[in-house]
Amino acid sequence: MAKSDSFYIRAISDAASGGAYAQTEIDLGSFVNLGVKNSTLLRIHNIAVQYADGTIAGGVSPELPLHATVAGGGKIAFQVTTQSQTSMVDASDKSVVATGGLMLYGDPNSTAHGISQSHDLDVGPQSWRNGYLVGVDSLFLGTEIGGTVASGDAVVAIVMECTLESATQASATALALSQQ
């Protein structure tokens, strides 16, 4: 199998304002096939991230602002990993595919609650020359809110640009050395 055309996998996870870690499983079973004779792997080329207000009952409101009201602010963090996690992990963990977050800074003496925001993709497949090769049946999108995010619960949605490719000896070796 030659490399396929790009396609997109989407996922969303709640980030509760109480600081508890939340995780959503992303099923890759219909894409990744690890067989004895032939194997199909998933290559993630790009991850786009959207942060949205999650306080509306029964829905998500990407048009509503996220804000902090304290000088220390808060952070809505996310991670995509190849193994289930119980908390946020750092980039030295071999299961990490991508990490990032939205920093919210506020001024308690101002009525303008969202003084500034900063989005960061700490680790992302678009940072690598060949994207990120995956050979697992599931990915995991984890989220957590730290500090004070006065707007309350949030959601993190991702869109991953992917292709499929046949496993070669070189790609299998690279996969074994890098993550699983």
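Refer to the structure presented above.
Since this is a predicted model, take the numbers as computed values, not measurements.

1. Examining the overall build of the protein
Line of reasoning, step 1. When you go through the protein residue by residue, the secondary structure sums to 1 helix and 10 strands.
Line of reasoning, step 2. Along the protein, helices and strands appear, N-terminal first, in the series β-β-β-β-β-β-β-β-β-β-α.
Line of reasoning, step 3. For the protein, the residues scored as buried account for 42% of the 180 residues in total.
Line of reasoning, step 4. Once local pairs closer than 6 in sequence are excluded, the contacts in the protein between residues at least 24 apart make up 77%.
Line of reasoning, step 5. Carbon and sulfur atoms make up 51% of the accessible area of the protein, which totals about 9000 Å².

2. A word on the nonpolar core
Soluble, globular proteins show a tendency: their nonpolar side chains are buried together.
Line of reasoning, step 1. Ile26, Leu42, Ile44, Ile76, Val80, Leu139 and Met160 are the most contacted members of the largest nonpolar core, which has 33 residues in total.
Line of reasoning, step 2. Counting only elements with at least two residues in this core, the list comes to β1 (7-15), β4 (39-53), β5 (74-81), β6 (96-105), β8 (132-134), β9 (138-147) and β10 (154-166).
Line of reasoning, step 3. Tallying contributions element by element places β10 first for this core, with 6 residues.
Line of reasoning, step 4. The contacts of Val80, once residues within four sequence positions are left out, are Ile47, Ser95, Val96, Val97, Ala98, Leu139, Phe140, Leu141 and Ile158.

3. Topic: the pattern of salt bridges
Line of reasoning, step 1. Here the structure, examined in full by the defined rule, presents 1 salt bridge.
Line of reasoning, step 2. Between Glu165 and Arg43 there is a salt bridge whose closest N-O contact spans 2.8 Å. Within this pair, whereas Glu165 is found in strand β10, its partner Arg43 is found in strand β4, the two being separated by 122 residues in sequence.
Line of reasoning, step 3. On the accessibility criterion, Arg43 (11% relative accessible area) is buried.

4. Looking at the side chain of Glu165
Line of reasoning, step 1. Residue class for Glu165 comes out buried when judged on its relative accessible area of 8%.
Line of reasoning, step 2. Within the structure, Glu165 has its side chain in polar contact with the side chain of Arg43 (distance 2.8 Å).

5. Brief notes about the environment of His119
Line of reasoning, step 1. For His119, the position within the fold is in strand β7 (residues 116-123).
Line of reasoning, step 2. Sequence separation between His119 and Ile76 is 43 residues, and the spatial gap between their C-alpha atoms is 9.5 Å.
Line of reasoning, step 3. Ignoring anything within four residues of it in the chain, the contact list for His119 reads Val49, Tyr51, Gly101 and Leu102.

6. Comments concerning the pairing of β6
Line of reasoning, step 1. With 8 of 10 residues buried, β6 lies mostly within the body of the structure.
Line of reasoning, step 2. Summarising the sheet, β5 and β6 pair through 8 bridges and their orientation is antiparallel. The residue bridging Gly74 from the neighbouring strand is Leu104, located in β6.

7. Examining the environment of Leu64
Line of reasoning, step 1. Considering the arrangement of structural elements, one finds Leu64 in the loop between β4 and β5.
Line of reasoning, step 2. Considered as a pair, Leu64 and Ser151 are 87 residues apart in the sequence and their alpha carbons are 9.1 Å apart.

8. Quick notes on the packing of aromatic side chains
Two aromatic rings, taken as a pair, are described by how far apart their centres are and by the angle between their planes.
Line of reasoning, step 1. In this structure the tally under the stated criterion is 1 aromatic pair.
Line of reasoning, step 2. Seen in terms of ring centroids, Phe7 and Phe31 are 5.1 Å apart; in terms of plane orientation they differ by 20°. Their pairing is stacked. Taken together, the residues span a long stretch of sequence, with Phe7 in strand β1 and Phe31 in the loop between β2 (22-27) and β3 (33-34) at a distance of 24 residues.
Line of reasoning, step 3. Relative accessible area serves as the criterion here: at 18%, Phe7 is assigned to the buried category.

Here is what the cut-offs are and how they apply
- Residue numbering note: each chain is counted from 1, following its sequence as written.
- Given that the model is predicted, a residue must reach a pLDDT of at least 70 before its local features are reported, and side-chain atom pairs must reach 80 or more before they are shown or counted; all residues, however, enter totals for whole chains, interfaces and linings.
- Based on all heavy atoms of the structure, the side-chain values leave hydrogens and waters out of the count.
- Where helices and strands are cited, they refer to DSSP runs of H or I of at least four residues and of E of at least two residues respectively, numbered from the N terminus.
- Type-normalised accessible area, obtained with a 1.4 Å probe on protein chains alone, sets the label of each residue: buried when under 20%, exposed when over 50%, and partly exposed for intermediate values.
- Here, two residues are considered to be in contact whenever any of their heavy atoms come within 4.5 Å of each other.
- Throughout, the Shrake-Rupley method with a 1.4 Å probe supplies accessible areas, and for residues the shown protein chains are the sole cover considered.
- Grouping buried Ala, Val, Leu, Ile, Met, Phe, Trp, Tyr and Cys residues that are joined through side-chain atoms within 4.5 Å yields what is termed a nonpolar core.
- Only one rule defines a salt bridge in this text: a Lys or Arg side-chain nitrogen within 4 Å of an Asp or Glu carboxyl oxygen.
- Identification of polar contacts relies on pairs of N or O atoms within 3.5 Å, with a donor-acceptor requirement for protein atoms, meaning one able to donate a hydrogen and the other able to accept it, and with residues adjacent in sequence counted only if both atoms are side-chain atoms.
- Strands qualify as paired when DSSP identifies two bridges or more between them.
- In this scheme Phe, Tyr and Trp rings, the latter by its six-membered ring, pair at centre separations within 6.5 Å, and the angle between planes marks the pair as stacked below 30 degrees, edge-to-face above 60, and tilted otherwise.

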